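# Architecture and fold: a report
Next come the chains, spelled out residue by residue.
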Amino acid sequence: MALTREDVAGIADYARIALTDAELDEMTAYMNDAVELLDPILEYDLDDVEPTFHPIGELVNVVRDDIVAPGLPLEEALANAGSRQGRYFRVPAILADGGAA
Amino acid sequence: MANLDTLSARQVAAGIAAGDFSATEVARAALDAISARDGQTQAFLQVSEELALSAAAATDAARAAGQALAPLAGVPVAFKDNMNLLGTRTTCASRMLEPYESAYTATCVQRMLDAGVTPLGKLNMDEFAFGSTTDSSAFHPTNNPWDVARVPGGSSGGSAAAVAAGEVTIALGSDTGGSIRQPASLCGVVGMKPTYGAVSRYGVVAFGSSLDQVGPMGRRVEDVALAMNALTAGGHDRFDSTSQNCDQDYLAHLDDSIEGRRVGVIPALLQAEGLTPEVRAAMRQAADGLAAAGAVIVEVDLPNMANSIAAYYVLAPCEAFSNLARFDGVRYGYQEPGCATLAEQSSLSRAHGFGAEAKRRQMLGAYLLSSGIYERYYLAAQKVRTLITADYQRAFGQVDVILMPASPTVAWEHGAISDPAALYLADVFTISNNIAGNCGISVPVCLGADSGLPIGAQLQGPAFADAQLLTFARALERSCGMEGSVAPAFAGKGGELR
């Protein structure tokens, strides 16, 4: 069940990684090689095996007392942003038409 | 006067406490060694001269005021560049984070600072820790101090090279599938991946959150044990809900005898494809050394270990895709200019901010988490994880530690392996340890009979038996006599305490 170039283009769109045509060719070859490497997983009969999602088996939620403490100051939180407006991170239009109804 | 090359962490701290030399003299000697050596190794991404000199001045002032000094007072240390340290950039060796200024200090870094270390800067790595060569750094490769035409391993290649070349006494690395132990083996230093949860991950840029673990690298097992004391001091970190209380004195049983203790070996593993004869010979030497120290060598089996690569390359890319989704060019990281929509800005920022391997891993993760594929691969991999963990539990019912290589070969030349999927296979000896959350350590055993390059032996132990693992590592170090070696081409170049 090889992945086609179109399949990989769809994954790239979902993963929000714009790929050039040349990158798409390389990525398709890589994805098929890498997925083939995973084949041993499919050869197991795992019906009666429980999954392990975390190496510490008996993990329980850790909660702290609900005490207000200072967070990262606004200026420091915004310091690494590519663009900002006042107290906010600035982004381009979220909808393709600029949000016009 | 002494050279930093020949001093252990304990000796540096003791020398400062005794007034043989000041912390400022040590910091200047380390800066001098970095300036003389790093042009060849390219281990550093940033040298934090001001931070180093101000920390050293604080140590000297504390001594002058008659205060007791911290256990690692004045010891030169540097950090893999996925660890936040206020006053430095944290780039993960990626264009994505090239200008990123640390907004706070990671707990692991802070605990080293609390133990008195002098911070020398940030070390090169594979981009976002995806790799085993350090060649995928967006800025420059790092060279193996034993042969600068060769890779130092990875992803903590800068950490291993800086320690091997004597630029620092201790470095911190992180290990998701072998990224401390493999470069330690290739560079001839000691590198420890503690039990999952033993060291806080707060402030360390996440790769695979159920696999990542921070650990120390040094030229001596004792230096690594001292760093473990610092990293676990204070126990559970309230900023990392998975961190466990592993606060204990890792030096207390370091020199205990291993007489009658049991070391597992896996004969079938030594027939693994790609394992070179000199690595096989080094494993025999390590087993003989441990046996001579009184250990009983016992054959054990980890039947599902060979399939840990397949399980890992499902789990790790899925976790990485999820973790790296935060790099969307909005709150931090590279932002593509002139985009009309948020979707376009995210896609182009990620396309131009990430390097090739970071894109490959995220694409693989995105695919494996998609509907229908998730059940086929991801859920199955989590079940194989259960089988691998059970293998270890059976084996550790019979033995205290298991001996195996950390890498199937010695360091290879830059560019010698170009197929990314082929590189993944070299992780066979390290990744099952991360999958099970156990502890592991690579200790230099010898120089290869054919290559003349360092070979490490890996010891793996059960979860939360880190102190016991260090006892076996120390016994192995004593039997092999590689303790404290700086790569010969670098020894004595700068680093003199005047």
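A brief report on the enclosed structure follows. (Residues numbered from 1 in each chain as written. Chains lettered and ligands numbered in written order. Predicted model: local features only at pLDDT ≥ 70, side-chain atom pairs only at ≥ 80, totals over all residues. Heavy atoms only, no water.)

### Some points on helix 9 (residues 308–324) of chain B
Selection rule: In this description a helix means any DSSP run of H or I spanning at least four residues, a strand means any run of E spanning at least two, and both kinds are numbered starting from the N terminus. Expected span, for any helix, means 1.5 Å times one less than how many residues it has. Exposed residues in this analysis have more than 50% of their type's maximum accessible area, buried residues have under 20%, and partly exposed residues fall in between, with area computed by a 1.4 Å probe over protein chains only.
In this model helix 9 of chain B runs 23 Å from its N-terminal to its C-terminal C-alpha over 17 residues, within 8% of the 24 Å that 1.5 Å per residue would give. Most of helix 9 of chain B sits out of view: 16 of its 17 residues are buried.

### Description of the sheet that holds strand 9 (residues 401–405) of chain B
By definition, the strands of a sheet pair up through backbone hydrogen bonds, in either a parallel or an antiparallel sense. Residue and element names in this part refer to chain B. For clarity, the cut-off: Between any two strands, at least two bridges found by DSSP are needed for them to pair. Here an axis means a line fitted to C-alpha atoms, over the contact stretch when the element is a helix, while the angle between two N-to-C directions is reported on a 0 to 180 degree scale. Whether two residues are in contact is decided by their heavy atoms, any of which lying within 4.5 Å being enough.
Taken in spatial order, the 11 strands line up as 1-3-2-4-6-5-10-11-9-7-8 in an open sheet, and their pairing is mixed. Two strands bound the open sheet, and with one partner strand each, they are strand 1 (44–47) and strand 8 (296–299). In this sheet, adjacent strand axes meet at a mean angle of 30° when their direction is disregarded. With three bridges joining them, strand 1 and strand 3 (residues 118–123) adopt antiparallel strand pairing. Note on strand 3: the bridge partner recorded for Q46 is K122. Those strands touched by helix 8 (residues 277–292) are strand 7 (262–265), strand 8, strand 9, strand 10 (439–447) and strand 11 (454–461), and its axis lies near 55° from that of strand 11.

### Section: the pattern of salt bridges
Pairing is possible between side chains of opposite charge, provided their charged atoms come close. Residue and element names in this part refer to chain B. Spelled out, the test is: Salt bridges are defined as contacts in which a side-chain nitrogen from Lys or Arg sits within 4 Å of a carboxyl oxygen from Asp or Glu.
Going through the model one piece at a time under the given rule, you end up with 21 salt bridges over all chains. R37 is paired through a salt bridge with D5; the nearest N and O atoms lie 2.9 Å apart. Residue R37 is found in helix 2 (residues 23–41), and its partner D5 is found in the segment before helix 1 (9–18); the two are separated by 32 residues along the sequence. Both residues of the pair, R37 and D5, belong to the buried class. Residue K122 is joined to D81 by a salt bridge in which the shortest nitrogen-to-oxygen separation is 3.1 Å. Of this pair, K122 sits in strand 3 while D81 sits in the loop between strand 2 (76–80) and helix 4 (107–114), and the two are 41 residues apart along the sequence.

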